[in-house]
Amino acid sequence: MMDDNCIFCKIANGQIPSKTIYEDERFRVILDLGPAARGHALILPKDHYANLFELPDDVAAEAMKLAKKLGAQMKQNLNADGFNLVQNNGECAGQTVFHFHLHLIPRYADDGQKIGWKPGKPSDEELEETKNAIIG
Ligand code: AMP
Ligand code: ZN
């Protein structure tokens, strides 16, 4: 199902042009217009799901398989040295387009990018408390 107000629905379904590197019945994979590195692409399901938690399991599984296949192709054809998969959920997590997408980011030894976080330093007690909070 499409959402008429969603730009990624329009791109995924071909109503807005994009640099498409892969397409099948369920997905379109496009080049990101603001790439972190050469080849940065986005896997877009053609149906509208706002985030990972709305995504059906079978679509999630297909997206991951596609990431592996296209990642290998990009590493080979673009001579990438490594690869990041990034997937943001929620504004505070950096999501800006609320249609599920998986970032495929080829990495190069000299690309000067930083994709990461500032590591915390929790005590063993804090880790124990967090573990217990998650598992409930
Ligand atoms: P996120 O911050 O995870 O929601 O990622 C959104 C991504 O979509 C960003 O990397 C943008 O550069 C990219 N983006 C936004 N609009 C377009 C567009 N029309 N075509 C291609 N990429 C886009
Ligand atoms: Zn959408």
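Whatever comes next refers back to the structure up there.
This report concerns the structure included in the present document. Bear in mind that the values here come from a model prediction, so they are computed numbers and not experimental data. Per chain, residue numbering runs from 1 following the sequence as it is written. A letter from A marks each chain and a number from 1 marks each ligand, given out in the order of writing. It should be noted that, the model being predicted, local features are given only for residues of pLDDT at least 70 and side-chain atom pairs only at 80 or more, the latter also being counted only at that level, while totals for whole chains, interfaces and linings use all residues. Side-chain calculation: all heavy atoms of the structure are included, whereas hydrogens and water are not.

### A word on the site of ligand 1
Here comes step 1: Note on definitions. A residue lies near a molecule or strand when any single heavy atom of the residue is within 4 Å of it. Taken together, 16 residues sit near ligand 1, with Asp32, Gly94, Thr96, His101 and His103 positioned nearest.
Here comes step 2: Within the backbone of valine 97, a nitrogen or oxygen atom sits 3.1 Å from an oxygen atom of ligand 1.
Here comes step 3: With respect to ligand 1, the side chain of histidine 103 contributes an N or O atom lying 2.8 Å from an oxygen atom.
Here comes step 4: The accessible surface values rely on the Shrake-Rupley method and a 1.4 Å probe; as for residues, cover is taken only from the protein chains in view. In isolation ligand 1 has 500 Å² of accessible area, and contact with the protein removes 79% of it.
Here comes step 5: Most atoms of ligand 1, that is more than half of them, are within 2 Å of grid points of the largest pocket.
Here comes step 6: Starting at the N terminus, helices and strands are each numbered in turn, a helix being any DSSP run of H or I of at least four residues and a strand any DSSP run of E of at least two. Elements that contribute at least two residues to the shell around ligand 1 include exactly α1 (7-12) and β2 (27-31). N or O atoms closer than or at 3.5 Å make up a polar contact, with two conditions inside protein: a donor-capable atom paired with an acceptor-capable one, and, for residues adjacent in sequence, both atoms drawn from side chains. As defined here, a cavity is a set of points on a 1 Å grid over the protein atoms alone where a 1.4 Å probe fits but cannot get out. A pocket is an open set with protein on both sides within 12 Å along at least five of seven lines, and residues line them when an atom is within 4 Å of a point. Placement in a cavity or pocket follows one criterion, namely that more than half of the molecule's atoms lie within 2 Å of its grid points.

### Considering the nonpolar core
Here comes step 1: Nine residue types can take part in a nonpolar core, namely buried Ala, Val, Leu, Ile, Met, Phe, Trp, Tyr and Cys, and a core is a set of them joined through side-chain atoms within 4.5 Å. Each residue is placed in one exposure class: buried if its accessible area under a 1.4 Å probe, protein chains only, is under 20% of its type's maximum, exposed if it is over 50%, and partly exposed if it falls in between. One finds Phe27, Val29, Ile43, Leu66, Leu70, Met74 and Leu104 to be the most contacted residues of the largest nonpolar core, which totals 22 residues.
Here comes step 2: For this core, the elements supplying multiple residues, two or more each, are β2, β3 (41-45), α2 (57-77) and β5 (102-107).
Here comes step 3: Counting residues per element, this core draws most heavily on α2, which supplies 6 residues.
Here comes step 4: When checking whether two residues touch, look at their non-hydrogen atoms; a contact exists if any pair is within 4.5 Å. If sequence neighbours within four positions are ignored, valine 29 has contacts with Lys19, Thr20, Ile21, Tyr22, Ala41, Leu42, Ile43, Leu66, Leu70 and Leu104.

### Description of the sheet that holds β2
Two modes of strand pairing occur in sheets, parallel and antiparallel, and in both the strands are linked by backbone hydrogen bonds.
Here comes step 1: By definition, two strands form a pair when at least two bridges between them are found by DSSP. Taken together, 5 strands build an open sheet; the order of strands is β1-β2-β3-β5-β4 and the sheet is antiparallel. Lying at the two open borders of the sheet, with one neighbouring strand each, are β1 (20-23) and β4 (82-86). Across the sheet, the mean angle from the axis of one strand to that of its neighbour is 20°, orientation sign disregarded. For helices, the fitted line uses only the C-alpha atoms of the stretch in contact; every axis is such a line through C-alpha atoms, and the angle between N-to-C directions lies from 0 to 180 degrees.

### Considerations on the pattern of salt bridges
Here comes step 1: For this analysis, a salt bridge means a side-chain nitrogen from Lys or Arg found within 4 Å of a carboxyl oxygen belonging to Asp or Glu. Applying the stated criterion across every chain, the model contains 6 salt bridges.
Here comes step 2: Ionic pairing is found between glutamate 23 and arginine 28, a salt bridge with its closest N-O pair at 3.3 Å.
Here comes step 3: A salt bridge links arginine 26 to aspartate 58, with the nearest nitrogen and oxygen atoms 2.6 Å apart. Taken as a pair, arginine 26 in the loop between β1 and β2 and aspartate 58 in helix α2 lie far apart in primary sequence, 32 residues in all.
Here comes step 4: A relative accessible area of 36% means that arginine 26 is categorised as partly exposed.
Here comes step 5: Of the residues examined, aspartate 58 reaches a relative accessible area of 42% and is grouped as partly exposed.
Here comes step 6: Among the charged side chains, a network of salt bridges with common partners joins Glu23, Arg28 and Lys46.

### Section: the coordination of the zinc ion (ligand 2)
Expected angles at a metal are 109.5 degrees for tetrahedral coordination by four donors and either 90 or 180 degrees for octahedral coordination by six donors.
Here comes step 1: Shown as donors are all N, O and S atoms within 2.8 Å of a metal ion, widened to 3.2 Å for Na, K and Ca; because water is not in the atom set, sites may appear incomplete. Taken together, the protein ligands of the zinc ion (ligand 2) are Cys6 (SG), Cys9 (SG), His48 (ND1) and His99 (ND1), with distances of 2.0 to 2.3 Å.
Here comes step 2: In these descriptions, tetrahedral denotes four donors with every angle between 85 and 135 degrees, square planar four donors and octahedral six donors with opposite donors over 155 degrees apart and the rest between 65 and 115, and irregular any other case. For the zinc ion (ligand 2), the 4 donor atoms in the first shell make angles of 105 to 116° at the metal, so the coordination geometry reads as tetrahedral.
Here comes step 3: In terms of primary sequence, the donors binding the zinc ion (ligand 2) are separated according to C-x2-C-x38-H-x50-H. Considered together, cysteine 6 and cysteine 9 belong to a single accessibility category, that of buried residues.

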